[in-house]
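# Residue-level structure breakdown
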Protein chains: 2
Amino acid sequence: MFGRIDHIGVAVDDLDGAIALYSERFGMREQHRETIEAFDVEAVLLEVGEGHVELLKPLSSESGIGKFLERNGPGLHHVAYQTDDIDSALEQVKAAGLDLIDKEPRTGIRGSRVAFLHPKSTGGVLTELVEPAH
Amino acid sequence: MFGRIDHIGVAVDDLDGAIALYSERFGMREQHRETIEAFDVEAVLLEVGEGHVELLKPLSSESGIGKFLERNGPGLHHVAYQTDDIDSALEQVKAAGLDLIDKEPRTGIRGSRVAFLHPKSTGGVLTELVEPAH
């Protein structure tokens, strides 16, 4: 069902500091930057192998990432698995009885289609499915 | 410096339930199981592309994972990046002034050599370097 770990999502309060860490110290290339309105975040993708680190800085304290930061501080926020067919993957997880945050895919970074599973169904791990734009 | 995301580490209290989630529902093959004395955990690796999900169940409440579970409940614990040369990678992160939990590599799962960076240097993300056994 999943091809690989697509990315880890990291909640940050200091975006420039986080970019410096991952690019200068860890040598990951900054690949993409985007304001994702649907999630109310500024997002930066850095490349590591075929996967990515996705840095997420909230644009408001009301956003999901804003609330996460207030509760937990900066750190690991979610993991995303890549799929070629998110509609079929969502059907499978629905059929398995997992709780979904997104019953239908929505638009994520770089025109991908994404859906989040609820962490109460996934052992506390906020889990995202990603079908990259073709 | 890093070839790819090697794995995400997930703290679990119900190991069998977590294996069922990742293998039966997400279709990841269980690849390896090991008691890692140095970390006082039972660990299970499931395959996803070239990477892994590493499930970690504490063998005592005094272990790092045991304390994490008590504080946070089950969920994302760390991310690990693969390197071909952990000695060189550790020198680079030391030279960059990052704080290390492990100043020298120690033995991790499947005979790998691993070292953890301190989350206070890495934006709250517990970060592991892994050089797989050759």
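Refer to the structure presented above.
A brief structural summary.

What counts, and at which threshold
Residues numbered from 1 in each chain as written. Chains lettered and ligands numbered in written order. Predicted model: local features only at pLDDT ≥ 70, side-chain atom pairs only at ≥ 80, totals over all residues. Heavy atoms only, no water. Least-squares fit on C-alpha atoms with pLDDT ≥ 70 in both. Contact = heavy atoms within 4.5 Å. Phe/Tyr/Trp six-rings, centres within 6.5 Å; stacked < 30°, edge-to-face > 60°. Buried < 20%, exposed > 50% of the residue type's maximum accessible area, 1.4 Å probe, protein only. Buried area = accessible area lost by both parts, 1.4 Å probe. Salt bridge = Lys/Arg side-chain N within 4 Å of Asp/Glu carboxyl O. Polar contact = N/O pair within 3.5 Å; in protein donor to acceptor, adjacent residues only side chain to side chain. Helix = DSSP H or I, 4+ residues; strand = E, 2+ residues; numbered from the N terminus. Nonpolar A, V, L, I, M, F, W, Y, C, P; charged D, E, K, R; others polar. Pairing = 2+ DSSP bridges. Axes fitted to C-alpha atoms, helices over the stretch in contact; angles between N-to-C directions.

Moving on to the relation of the copies chain B and chain A. Two copies of a chain can be linked by a rotation about an axis combined with a shift along that same axis. Mapping chain B onto chain A calls for a rotation angle of 180° and an axial translation of 0.0 Å; the resulting RMSD is 0.0 Å. Such values leave the two copies arranged in the relation of a two-fold axis. When the interface residues of chain B are mapped onto chain A, 100% of them again fall at the interface, so both copies present the same face.

Turning our eyes to something else, we now look at the packing of aromatic side chains. Aromatic rings in a pair are described by how distant their centres are and how their planes are angled relative to each other. Residues and elements named next belong to chain B. With the rule as written, the count across this model stands at 10 aromatic pairs over all chains. Aromatic pair Tyr-22 and Phe-26: ring centres 5.4 Å apart, planes at 80°, arrangement edge-to-face. Since its relative accessible area comes to 1%, Tyr-22 is described here as buried. Look at Phe-26 and you get buried, because its relative accessible area is 1%.

Counting from both sides, the interface comprises 35 residues of chain B and, opposite them, 35 residues of chain A. Summed over both sides, the interface of chain B with chain A buries roughly 2600 Å², with 72% coming from carbon and sulfur. At the boundary of chain B with chain A, the tally comes to zero salt bridges. On the surface where chain B and chain A come into contact, there are five residue pairs in polar contact (both at pLDDT 80 or more). Secondary-structure elements contributing two or more residues to the side of chain B that touches chain A are strand 1 (4–11), helix 1 (15–25), strand 4 (51–58) and strand 5 (75–82) of chain B. When grouped by side-chain class, the residues that make up the side of chain B that touches chain A number 20 nonpolar, 12 polar and three charged.

Moving on to unusual backbone geometry. All names here are of chain A. Phi at Asp-40 takes a positive value of approximately 60°, unusual for a residue other than glycine. Its location among the elements puts Asp-40 in the loop between strand 2 (30–36) and strand 3 (41–48). Asp-40 sits in the partly exposed class, given a relative accessible area of 26%.

All right, on to the sheet that holds strand 5 (residues 75–82) of chain A then. Residues and elements named next belong to chain A. What the eight strands build is an open sheet, ordered 2-3-4-1-5-8-7-6; its pairing is mixed. Looking at which strands have only one partner, the edges of the open sheet turn out to be strand 2 and strand 6 (106–107). The sheet contact formed by strand 2 and strand 3 spans six bridges and is antiparallel. Bridged to Ile-36 within strand 3 is Val-41. With respect to the sheet, helix 3 (residues 86–95) is in contact with strand 7 (113–117) and strand 8 (127–131), its orientation differing from that of strand 7 by roughly 15°.

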